[in-house]
Amino acid sequence: MTEYAFSAIPMLERPAKPRASGQTMMIDFGLGLRQQEDILQLASAFIDSAKIAVGVARLLPRDLVQRKIDLYKQYEVVPYPGGQFLEYAVLCDTVDEFLAEARAIGFPAIEVSDNLLSITLEEKRALIARAREAYGLDVYGEVGKKEGLAVTVSLEDDIQACLEAGSSKVLIEAAEIFSHGRDKAAAAQLTKAAPLEKLMFELTGPWIEGTAYSEPDTLARWLMQTFGPNVNIGNVLPESLLRIETARRGLGVNAGGELPSGLLGGNTTTDR
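Conventions used here
Residues numbered from 1 in each chain as written. Predicted model: local features only at pLDDT ≥ 70, side-chain atom pairs only at ≥ 80, totals over all residues. Heavy atoms only, no water. Helix = DSSP H or I, 4+ residues; strand = E, 2+ residues; numbered from the N terminus. Buried < 20%, exposed > 50% of the residue type's maximum accessible area, 1.4 Å probe, protein only. Contact = heavy atoms within 4.5 Å. Areas by Shrake-Rupley, 256 points an atom, 1.4 Å probe, with all protein chains shown as cover. Expected span 1.5 Å × (residues − 1). Pairing = 2+ DSSP bridges. Axes fitted to C-alpha atoms, helices over the stretch in contact; angles between N-to-C directions. Parallel < 35°, antiparallel > 145°, perpendicular 65-115°, else oblique. Left-handed = near helix turned anticlockwise from the far one by under 90°. Polar contact = N/O pair within 3.5 Å; in protein donor to acceptor, adjacent residues only side chain to side chain. Arc of directions from axis to C-beta. Core = buried A, V, L, I, M, F, W, Y, C linked by side-chain atoms within 4.5 Å.

Before going further, it helps to examine the overall build of the chain. Each helix and strand counted, the chain has eleven helices and ten strands in total. By residue count, 48% of the 272 residues in the chain fall in the buried class. Counting contacts in the chain only where the partners sit at least 6 residues apart, residues at least 24 apart contribute 80% of the total. Accessible surface for the chain amounts to roughly 13200 Å². Of this, 52% is attributable to carbon and sulfur atoms.

As structure tokens, this is what we get:
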């Protein structure tokens, strides 16, 4: 059993990996292997999946991508390529080549999104089914559009279509919840379409114009206050991992200046 520092100090319990709820997805914009291993040694217990963003995997030597994938798997983190990369493959009519390479190179999962691409729900279902049935890949569906793009179907219908086609999780595009403040009603409405554990809310980040340094952490705390500490959170930057995990655990005070509910009750641990 691992011995932890300051083990007499209580903190909120969290489900251990593999877990269905309380998942954290880290976004990888091209971490070097030494950076990646340092992060995994430090925080792999708090990382469930890692999205290798956009088309980063296309820029790297094949053996280096394989080493990155293997390193994630070694630490029980599920790596997968970002959905916009698959959208590009759709535009280039190279979907089967993309899926075959993802499987061959070692990715256990992919993301199917329509952030920038206009496709029908039927086409999206077919993509998810093809990845699962023909290539044996797990699928994370993503719903919603980037800010400023029109949504042609309801998010609820999109979520249900992704799950019915076999997605294990559905990622919620950050712009759908956070474009104009923090839309608690919109976020809560989505939980009527699927159990909370099936949804993962993506954070905004510095790749979005106008995002302040503190904003992703603030939004993560808002999600916890809205849905509880075991809400699934995605697009977490490597440098934010431990800050967000300390918030999940109630280590310190929250934005309201109070100790999180349950910290001094029975739902605590002193040995993790």
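Between its first and last C-alpha, helix H10 (residues 215-227) extends 18 Å over 13 residues, near the 18 Å set by a 1.5 Å rise per residue. For H10, the full list of buried residues reads Pro-216, Asp-217, Leu-219, Ala-220, Trp-222, Leu-223, Met-224 and Phe-227. On its buried face, H10 sits against helix H8 (174-178), helix H9 (184-190), strand E8 (199-202), strand E9 (232-236) and helix H11 (241-249). Note on H10: the residue one or two positions beyond its end, Gly-228, has a positive phi of about 100°.

Take the pairing of E8 next. Here E8 shows no split at all, with Leu-199 and Phe-201 on one side and Met-200 and Glu-202 on the other all buried. Strand direction decides the pairing type here: strand E7 (residues 169-172) and E8, joined by three bridges, are parallel. Bridging from a neighbouring strand, Val-170 pairs with Leu-199 of E8. Pairing of E8 with E9, which is carried by three bridges, proceeds in the parallel orientation. Looking at the pairing, Phe-201 lines up with Ile-233 of E9.

A word on the packing of helix H6 (residues 121-135) against helix H7 (residues 155-165). H7 packs onto H6 with a crossing angle of 30° between their chain directions and a minimal axis gap of 9 Å. With respect to each other, H6 and H7 are oriented roughly parallel. Relative to H7, H6 is oriented so that their crossing is right-handed. Side by side, H6 and H7 meet where Leu-121, Lys-124, Arg-125, Ile-128, Ala-129 and Arg-132 of the first sit next to Asp-157, Asp-158, Ala-161, Cys-162, Glu-164 and Ala-165 of the second.

What follows deals with the side chain of Glu-142. For Glu-142, the location among the structural elements is in strand E6 (residues 138-143). At 2.7 Å, the side chain of Glu-142 and the side chain of Asn-115 are in polar contact. Excluding residues that lie within four positions of it along the chain, Glu-142 makes contacts with Lys-51, Glu-111, Val-112, Ser-113, Asp-114, Asn-115, Lys-124, Leu-171, Glu-173 and Glu-202.

Taken together, eight strands build an open sheet; the order of strands is E4-E3-E2-E9-E8-E7-E6-E5 and the sheet is parallel. The open sheet has two edge strands, strand E4 (78-81) and strand E5 (109-112), and neither has a second partner. When the angles between neighbouring strand axes are averaged without regard to direction, this sheet yields 25°. Of the strands in this sheet, E6, E7 and E8 are in contact with H7, which crosses E6 at around 175°.

This next bit is on H11. When we look at burial in H11, the residues that qualify are Leu-241, Ile-244, Glu-245, Arg-248 and Arg-249. Angularly, the buried residues of H11 cover 140° about the axis, an arc narrow enough to put them on a single face. Packed against the buried residues of H11 are strand E1 (11-12), strand E2 (24-28), helix H1 (33-43), H10, E9 and strand E10 (268-269). A positive backbone phi angle near 75° is found at Gly-250, which sits one or two residues after H11.

Within the secondary structure, Gln-23 is located in the loop between E1 and E2. Among the residues examined, Gln-23 registers a relative accessible area of 12% and is labelled buried. The spatial distance from the C-alpha of Gln-23 to the C-alpha of Glu-197 is 8.8 Å, given a sequence separation of 174 residues. There is a polar contact of 2.6 Å between the side chain of Gln-23 and the backbone oxygen of Arg-19.

This part takes up the nonpolar core. Core analysis: the biggest nonpolar cluster contains 64 residues, and Ile-110, Ile-159, Ile-172, Phe-201, Leu-223 and Ile-233 have the highest contact counts within it. Excluding residues that lie within four positions of it along the chain, Leu-223 makes contacts with Phe-178, Phe-201, Leu-203, Gly-228, Val-231 and Ile-233. Counting six residues, the second-largest nonpolar core is a separate cluster that includes Tyr-80, Ala-109, Leu-171 and Met-200.

Turning our eyes to something else, we now look at unusual backbone geometry. For the peptide bond that leads from Lys-17 to Pro-18, omega is -5°, which places it in the cis range. Positive phi is not limited to glycine here, since Phe-6 has a value of about 55°. Within the secondary structure layout, Phe-6 lies in the segment before E1. For Phe-6, a relative accessible area of 73% puts it in the exposed group. A positive phi angle is found at Asp-93, which is not glycine, with a value near 60°. Checked against the element boundaries, Asp-93 lands in the loop between helix H4 (83-91) and helix H5 (95-105). With relative accessibility at 66%, the residue Asp-93 sits in the exposed group.

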